[in-house]
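Architecture and fold: a report
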Amino acid sequence: MFFKKKAPKPILPVVKKLKISLDISYLQNGKVYTSCYSYTVETDNQEEMETNSRKILDTLELAISNIYTQLNEKTSDYIFIEEQSFILNKKDFLNCNITKRIID
């Protein structure tokens, strides 16, 4: 009796997914809401993951800087978030931050 050799299982590259989002909290009709604008980086290359996530983080950090600059300006009562075409009354704005999560 002959035994067949099992073919080795191919080693698949490990694909990593990273979700990066800009979360903006605000009031509307007395309730707190959060708008999340998220981006997903998906790759099996660590260097590519770092490069792509850094680009997204730089963009979101610039957006946050822009939000706080608009909050300090006295010429308008509104904040305009360009990347998402989102207009928000300054008095309703609560907070904004960037979150990163690894997705399995």
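What counts, and where the lines are drawn
Positions within a chain are numbered from 1, following the residues in the order the chain's sequence is written. Residue-level local features of this predicted model are given only where pLDDT is at least 70; pairs of side-chain atoms are given and counted only at 80 or more, and the full residue set underlies all totals for whole chains, interfaces and linings. Side-chain numbers come from the whole structure's heavy atoms, not from hydrogens or water. Helix numbering and strand numbering both begin at the N terminus, where a helix is a DSSP run of H or I of at least 4 residues and a strand a DSSP run of E of at least 2. In this treatment the radius of gyration is a C-alpha quantity, and the globule benchmark scales as 2.2 Å times the residue count to the 0.38 power. A simple rule labels every residue: compare its accessible area, found with a 1.4 Å probe on the protein chains alone, to the largest value its type can have, and call it buried under 20%, exposed over 50%, or partly exposed in between. Should any heavy atoms of two residues lie within 4.5 Å, those residues are counted as being in contact. We get accessible surface area from the Shrake-Rupley algorithm with a probe of 1.4 Å; when it comes to residues, only the shown protein chains can shield them. Charge counting treats Lys and Arg as positive and Asp and Glu as negative, with His and both chain ends excluded. In this description, the location of a charge corresponds to atom NZ of lysine, CZ of arginine, CG of aspartate or CD of glutamate. The term salt bridge refers to a side-chain nitrogen of Lys or Arg lying within 4 Å of a carboxyl oxygen of Asp or Glu. Only centres within 6.5 Å qualify two rings of Phe, Tyr or Trp (six-membered ring in Trp) as a pair; their planes then separate them into stacked at under 30 degrees, edge-to-face at over 60, and tilted for everything else. Residues form patches when they are more than 30% accessible in relative terms and have no salt bridge. Like charges link within 9 Å. Nonpolar side chains (Val, Leu, Ile, Met, Phe, Trp, Tyr) link within 5 Å. For two strands to pair, DSSP has to find at least two bridges joining them. Axes here refer to lines fitted to C-alpha atoms; in helices the fit is confined to the stretch in contact. Angles between the N-to-C directions go from 0 to 180 degrees.

**Comments concerning the overall build of the protein chain**
For the protein chain, the count of helices and strands is one helix and five strands. Secondary structure elements of the protein chain, listed N to C terminal, follow the sequence β-β-α-β-β-β. In summary, the protein chain has a C-alpha radius of gyration of 21 Å against a globular reference of 13 Å for 104 residues, an excess of more than 25%. Expressed as lengths along the three principal axes of its C-alpha atoms, the size of the protein chain is roughly 85 × 30 × 15 Å. Across the 104 residues in the protein chain, those meeting the buried criterion constitute 29%. Put simply, 56% of the contacts in the protein chain that link residues at least 6 apart link residues at least 24 apart. By element, 53% of the accessible surface of the protein chain is carried by carbon and sulfur atoms, the whole surface being about 8,200 Å². Of the side chains in the protein chain, 15 bear a positive and 14 a negative charge, and the two mean positions are spaced by 12 Å.

**Some details on the pattern of salt bridges**
Under the criterion given, the structure shown has two salt bridges. Across the pair Asp58 and Arg54 runs a salt bridge, and its minimum N-O distance is 3.5 Å. On the criterion of helical spacing, the pair formed by Asp58 and Arg54 is a turn pair, its members being four residues apart in helix 1 (residues 46-72). With relative accessibility at 40%, the residue Arg54 sits in the partly exposed group. Here Glu61 makes a salt bridge to Arg54, at a shortest N to O gap of 3.6 Å. Several salt bridges converge on common partners, so that one network encompasses Arg54, Asp58 and Glu61.

**A short note on the packing of aromatic side chains**
Two aromatic rings, taken as a pair, are described by how far apart their centres are and by the angle between their planes. Under the definition given, this model contains four aromatic pairs. Judged by centre distance (6.1 Å) and plane angle (25°), the ring pair of Tyr26 and Tyr33 falls under stacked. Look at Tyr26 and you get buried, because its relative accessible area is 11%. By relative accessible area, which is 35% here, Tyr33 ends up partly exposed. Members of the aromatic cluster, joined through ring pairs, are Tyr26, Tyr33, Tyr37 and Phe86.

**A word on a negative patch on the surface**
Side chains of Asp44, Glu47, Glu48 and Glu50 sit close together on the surface and give a patch of like negative charge. In this structure, Glu48 sits in helix 1. On the accessibility criterion, Glu48 (38% relative accessible area) is partly exposed.

**Re the sheet that holds strand 5 (residues 93-103)**
The strand order 2-1-5 describes an open sheet built from three strands, whose pairing is antiparallel. Whereas interior strands pair on both sides, the edge strands pair on one side only; in this sheet they are strand 2 (31-43) and strand 5. On average, each strand axis in the sheet is inclined to that of its neighbour by 15°, with strand direction left out of account. Relative to strand 5, strand 1 (residues 16-28) runs antiparallel, the two sharing 10 bridges. Across the sheet, Leu18 pairs through a bridge with Ile102, a residue of strand 5. On the sheet, helix 1 packs against strand 1, strand 2 and strand 5 and is oriented at approximately 10° with respect to strand 1.

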